[in-house]
Every structure is written in C-alpha cells, then in structure tokens.
Amino acid sequence: MSKPPKPRRPSAFFGDFVHCTSLGEVEILHDHLVVVNIDGFIESVEPSSSEKCQRYLKGEGDIECMIPQGCFTIPTFCDLHLHAPQFLYQGTGLHLSLMEWLNEYAFKAEERIDGDEILSKKVYKRLARRLIENGTGAVVLFGTIREETNLILAEAMLEAGLRAYVGKLSMDKSSRETYIESSAKQALSSASSFADRCEELVRKKPQHKRLVKPILTPRFVPTCSDELLKGLGRLSDSRGLWIQSHMAEAHDQVKWVREERGVEDIEVFERSGLLTPRTIQAHCTFLDPPSLSHVAELGTSIAHCPLSNAYFSAEPFRLRESLDQKVKVGLGTDIAGGYNLDIMSSMRQAVAISRMREGSRVMANEKGKEKGKDSGNQVLSIDWKEALYLATTGGARAMGLPTGTGTIEVGAPFDVQMIQLIDEVSGEGVGQMDFFDIPYYQAGKLTLKEVEKWWKALIHSDD
Ligand code: GUN
Ligand code: FE
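Residues numbered from 1 in each chain as written. Chains lettered and ligands numbered in written order. Predicted model: local features only at pLDDT ≥ 70, side-chain atom pairs only at ≥ 80, totals over all residues.

### Side note on the confidence of the model for the chain
Regions with low pLDDT should not have their predicted coordinates read in detail.
Link 1 in the chain: In the predicted model, the chain carries a mean pLDDT of 90, and 91% of its residues have values of at least 70.
Link 2 in the chain: Across residues 429-443, confidence stays below pLDDT 50; counting only partners more than four residues off in sequence or on other chains, it has 33 contacts. (pLDDT = per-residue confidence, 0-100. Contact = placed C-beta atoms within 7 Å.)

### Focus on the pairing of strand S15 (residues 416-420)
One face of the sheet, then the other: side chains in a regular strand alternate in exactly this way.
Link 1 in the chain: Across the 5 residues that make up S15, a large majority, 5, are buried.
Link 2 in the chain: Side-chain alternation along S15 places Val416, Met418 and Gln420 on one buried face and Gln417 and Ile419 on a second face that is also buried.
Link 3 in the chain: Of the strand pairs in this sheet, strand S5 (residues 71-75) and S15 are connected by 5 bridges, and their pairing is antiparallel. If you follow Phe72 over to S15, its bridge partner there is Ile419. (Buried ≥ 20, exposed ≤ 12 C-beta atoms within 10 Å, placed from the backbone. Helix = DSSP H or I, 4+ residues; strand = E, 2+ residues; numbered from the N terminus. Pairing = 2+ DSSP bridges.)

### Considering helix H2 (residues 98-114)
Link 1 in the chain: A maximum bend of about 30 degrees is found in H2 at Ala106.
Link 2 in the chain: Every buried residue belonging to H2 is among Leu98, Trp101, Leu102, Ala106, Phe107, Ala109, Glu110, Ile113 and Asp114, and all of these are buried.
Link 3 in the chain: Taken together, the buried residues of H2 touch helix H3 (117-133), helix H4 (147-160), helix H7 (251-261) and helix H10 (306-312). (Bend = angle between axes of the 7 residues up to and from the residue.)

### Considerations on the site of ligand 1
Link 1 in the chain: Taken together, the neighbourhood of ligand 1 is formed by His83, Leu98, Leu102, Ala106, Arg219, Phe220, His246, Glu249, Ser308, Phe312, Asp334 and Gly337.
Link 2 in the chain: Counting residues per element, the ones that place at least two in the shell around ligand 1 are H2 and H10.
Link 3 in the chain: The greatest single-element share of the shell around ligand 1, amounting to 3 residues, is contributed by H2. (Near = placed C-beta within 6 Å.)

### Overview of the nonpolar core
Link 1 in the chain: Residues Val34, Leu141, Leu153, Met157, Ala164, Val166 and Ala391 are the most contacted members of the largest nonpolar core, which totals 132 residues.
Link 2 in the chain: There are two domains that each give this core at least three residues, and those are domain 1 (11-75 + 408-456) and domain 2 (77-398).
Link 3 in the chain: Setting aside residues up to four positions removed in sequence, Met157 forms contacts with Ala128, Leu162, Ala164, Val166 and Val212. (Core = buried A, V, L, I, M, F, W, Y, C linked by C-beta atoms within 7 Å. Domains from an automatic or database assignment.)

Put into structure tokens, the structure is as follows:
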C-alpha cells in the first residue's frame, strides 16, 4: 500500500539567500526568514531583526530548515534548450558541421528512442534526475516526433517535480526517410493532439504539481514546409501555446535556407506567425543588431547556447548587443551539442565566448585607429554576475514563468537549490546538493567573494 501523502502546510526557511535582482546585480540576504505558502510561493521575506523572524527563532513558528553556515540558497537554474532524446550521446560527433551531424547522429538517436519505450523511460527518468542534481529547476525540451514518447518525457518531468516545456517535434521534411512526418496535415494534427494529451496528463495532477506544459516545436526551417509552419503559427495563436525552434544557427544551415527559400530564417518564422512573446528561439548567432532589435520588439526570447555555437555556428552570438536591446535571453545546454547538462558550464562558456568577442573588438579597434576608423567602444564581455542572472532570473523571464521566478521575492515560486561552500577543514566539494541532505559546514558570514568562489569552483581558500 502506498503511503498517504504528507499534509501540506506553509514552511519556513532561515539562513542566507543569494539571488540576482537585475542584470549584473547579485544580492545576498543574510540571516533571512523566508516563509513559503502551501502552493510553493514565497509569502514573506524578513530580516532577522523583524518581529516575525524573532518569533520564529524563539520557536513560536515552525522553521522547517535552518540553512547551515557555509551553505546558501539560490534559485534553481533554467535550461532554455535541451534535446531530451540526444541525452544518450551528449557531446558526440562534434567534429561534423550541423547539417552533417543531424543526419549522422541526431536523427538516428531520436528515431531509436521513438522505437523503444523501455529505453525512452529509462533515459528520460535519468535525464530528470541529472537535471535536479545539477540544480536545474526549469527546462525547455525538444523531444522526438512520436506523441507517445513525448508523453513519457512529460511524465518523467512531472514525476520529478521539474518545470518543463515539452516539445513534440514537428518535421515534415527530413534527410532521413524513416524519421519524418508524412505530411504537413498529419504533422499539424499530431502537434495538436500531443498538446491535448499533454495538458490532460498534467490536469490529472494536483494544482501545485502542474508544472509541465506542451510547446509547439517546428524543428527548424529546413525540416518544415511553409504549410506546416503557418499551421503551427495558427495553432499557437488560437490556443496560446508556446513555441520553440532554432533560428539563424549555423553557417551551413543559414546557407541552406537562403538557397532553398531565398530568404532568411527570421523572415520565414515571422511570416508564419512564429515569432511571438511566447516563442523561444535557440542560437540566433547570425542575427545582426537590427534583427535583434526586431526580435526584442516582437517579445521573442533567445536561448543562448555558447558551446554548441562554438562547434556548429562559426559565429558567436551577439550577447551584449541583445542584452542592450532588451531581448529576453537565457542559457541553454543544447544537449547533445555539449558535454553535460550543467548550466554552470553554460554560464562559464557564455563568459568565455564574450571575452573572446571583446578581445577581437579591442584588436579591431586598435587596427582601425591606425587607419583612422573606430570600430566602437561598447564592451562586449559579460561577467559572472551577468551569467548568473541569465541562468536564473533571465531564463525565467524568457520562459514567461510566474512573476519573480528566479528571485527570492514575495510572490515568486520558491524554486531553490542549496549550495555548499568550501569545507576548509577537509577541502571537500563545491557544488549543489539536495535541499534536505545537509552536512556540517564552516562558520562565517557569506560574502560576495565567497559566492564568486563557488561560481569559479575555487576549492581552496586563498585568504
Ligand atoms: N537544428 C535543428 N535540429 C537541431 C538539433 O538537434 N541540434 C542543434 N544544435 N541544432 C539543430
Ligand atoms: Fe538545439
């Protein structure tokens, strides 16, 4: 017999909380009491000096978790772009160009998962577990073509308690005969049917566990006819469904679309009604500043996947320019176009790629000055605090999650992870850990420098 569920009640947490209030601003809330209501939303955030906090500390309120010294709590990360069926072989075949890689690896791996229910259950369950271990609380997933396999994916995410947008792939064109939908009409009917079935699955869960939703997923322009794209645009419009795809990603892909359709990706998506405030487009490396400004006007979000871009794109994403134009940007791992699903890696890669762009700008400027030209003095690099914003608050905005998600603010969902700082005595680990499994830690007041050490994975104290 299964155990009866525990009665749900408000819970309270006391200790240090860290969050990004805006781009580049990291705030530490020392010794704060955070009370969470039964639906999992933050009801109050109080400093230790407040009357309410004092009452709780005297035992008049029930504190569920005293966050130990040396640990802090931070919002969970958002991964805006991950191919769930490709988790099987992450980081494989990256010596190829994008179009070759899709043909050689991606389509085959997805077809395999679609044809093996036992395998898909195993892989998707493990994917959910790994996401949690890596501190990801919200994820936007590309799935496969087959509806049932995507329902298995949705179920795995629901079971794990992750916020997830699950995308049944739409593709009525393919280089692989056996991995394709039979017509635009059939693909549209299947996209609509999956949305219905996924929503039905979610409705069966109690309100506070309804964290999964379907997202329309035209794979990218080369695999979708105009009829399919326009149909998906109409479906999104009539039902308010979210949309994801890949836009202006790679040199061979951009060339393909130009040769086949005589236009750019952005025009194809826009005329199909697929650039909306509910759209997340991955990559966008080939968008110039005017196009990025247009994306900002349309309210469409971008999933920045820095490592995948290094392999496939031939161009780095204009991250700083996008942020300046107020495009909603978050980070993605783009598994399998990367080695792991740790968003910490994506944060560091985003910083590294932006530094390289900045170096190139400085050099071009120096050369230009010799010739009497100035190539601009806008600094293109981002720092760790900005990267942390992208992984939390920025990603949550891009996903349109409830207001405040990614911060420790009243009204926000309490989607958090515990970080353990360095154990100076044993020299052990820096990293995420399960919220309730808390070992002992060193004393000391949390400073921004310590948070930065965590971000850098700096194990040894140098002061
Ligand atoms: N473009 C279309 N499909 C894919 C995919 O599976 N991965 C990446 N990185 N780009 C794509
Ligand atoms: Fe991708």
